[in-house]
Amino acid sequence: MFVGAGTTINVIAIVIGGVLGVLLGSKFAESTKSLITDLLGMVTFISAADAISAFWRTELRAALPRGWAILMIVFSLIIGALLGIALRIEDRLNSIGEFLKRKFNSQGNSTFVEGFVSASLIFAVGPLAIMGAISDGMKTGIDQLLLKSSLDFFAALAFAASLGWGVAVSALPVGIYQYGWTAVGLLLGSVLSQYQVLAMTATGGVLLLGIALRLTKIKMVPVGNVLPAIFLAPLFAAIAHQFI
């Protein structure tokens, strides 16, 4: 297997799942598509809960001073949100979605951007995307990305049935994101300690919670603007571990 094979398989799985979802989705009534989206939102709540559970892991609590695990997440989210707002990440994601909509789906529907943004975030947020890609770069196996590819295939199929071509096109930013982490693994080796991975996972879980709220139409949380929090979490965890 070549370096990057795991992400390549993942991207192909998202595209195939997205295409099949669009083809099948044309046979569904709008009420059925809406129900599918709501159900996916509910399942995303489960994924969020699973990721957030890393907050209670002994490895994270033992590495940080007492009480600092929650503060690390709070600081990561707030400062990450401020950075995201300053960089207008959510607006830029939407702009990319609109650009790709014109390129790939000029006669498309209003769900293209929502499908692109939601799917991009769902497929990119989480420990499997980052650690799986790093493991791929370090040539220690692609098992994590194979698992992620299986999950993403069925998720893409279900999402695309409701949200359309934007889900399949989300494979582009997901591929770029994961290839970047593969390069980190290839060039730098293992860059994160276990407690840092757990910090990133718990923080990513909060973002997944925001995505679940969006999908179930409870609240349109601008999750894109909070993406920097994922990268700040392991940094803040390391600072607390070393200096506090």
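Here's a quick rundown of the structure.

Parameters at a glance
- Residues numbered from 1 in each chain as written.
- Predicted model: local features only at pLDDT ≥ 70, side-chain atom pairs only at ≥ 80, totals over all residues.
- Heavy atoms only, no water.
- Helix = DSSP H or I, 4+ residues; strand = E, 2+ residues; numbered from the N terminus.
- Buried < 20%, exposed > 50% of the residue type's maximum accessible area, 1.4 Å probe, protein only.
- Salt bridge = Lys/Arg side-chain N within 4 Å of Asp/Glu carboxyl O.
- Patch = residues over 30% accessible without salt bridge, like charges linked within 9 Å, V, L, I, M, F, W, Y side chains within 5 Å.
- Areas by Shrake-Rupley, 256 points an atom, 1.4 Å probe, with all protein chains shown as cover.
- Core = buried A, V, L, I, M, F, W, Y, C linked by side-chain atoms within 4.5 Å.
- Contact = heavy atoms within 4.5 Å.

1. A closer look at unusual backbone geometry
Move 1: In this model, Arg88 sits at a positive phi of 55°, which is unusual for a non-glycine residue.
Move 2: The topology assignment puts Arg88 in the loop between helix H4 (68-87) and helix H5 (89-104).
Move 3: A positive phi angle, near 60°, is found at Lys217, a position not held by glycine.
Move 4: Structurally, Lys217 is set in the loop between helix H11 (194-215) and helix H12 (228-243).
Move 5: In this structure Lys217 comes out as exposed when scored by relative accessible area, which is 57%.

2. Observations concerning the side chain of Ser76
Move 1: Within the secondary structure, Ser76 sits in helix H4.
Move 2: The exposure class of Ser76 is buried, given its relative accessible area of 0%.

3. A closer look at the environment of Phe99
Move 1: You can see Phe99 is positioned in helix H5.
Move 2: Taking the C-alpha atoms as reference points, Phe99 and Val113, separated by 14 residues in sequence, lie 9.4 Å from one another.

4. Some thoughts on the pattern of salt bridges
Move 1: Per the counting criterion, the structure on display carries 4 salt bridges.
Move 2: The salt bridge partner of Asp91 is Arg88, with a shortest N-O separation of 3.6 Å.

5. Structural notes on a nonpolar patch on the surface
Move 1: A grouping of Ile70, Leu71, Val74, Phe75, Ile78, Ile79, Leu82, Leu83 and Leu87 is seen on the molecular surface, where their side chains present a nonpolar patch of about 750 Å² in accessible area.
Move 2: Looking at the secondary structure, you find Leu87 in helix H4.

6. Considerations on the environment of Ile46
Move 1: Turning to its location among the elements, Ile46 is positioned in helix H2 (residues 30-52).
Move 2: In this structure Ile46 comes out as exposed when scored by relative accessible area, which is 58%.
Move 3: For Ile46 and Gly205, which are 159 residues apart along the polypeptide, the C-alpha to C-alpha distance reads 9.8 Å.

7. Some points on the nonpolar core
Move 1: Judged by nonpolar contacts, the single largest core of 64 residues is most densely connected at Leu64, Met72, Phe123, Phe159 and Val167.
Move 2: It is H11 that provides the largest number of residues to this core, a total of 10 residues.
Move 3: Filtering out sequence-adjacent residues up to four positions away, Met72 remains in contact with Leu60, Leu64, Ala199, Thr203, Ala233, Phe236 and Ala237.

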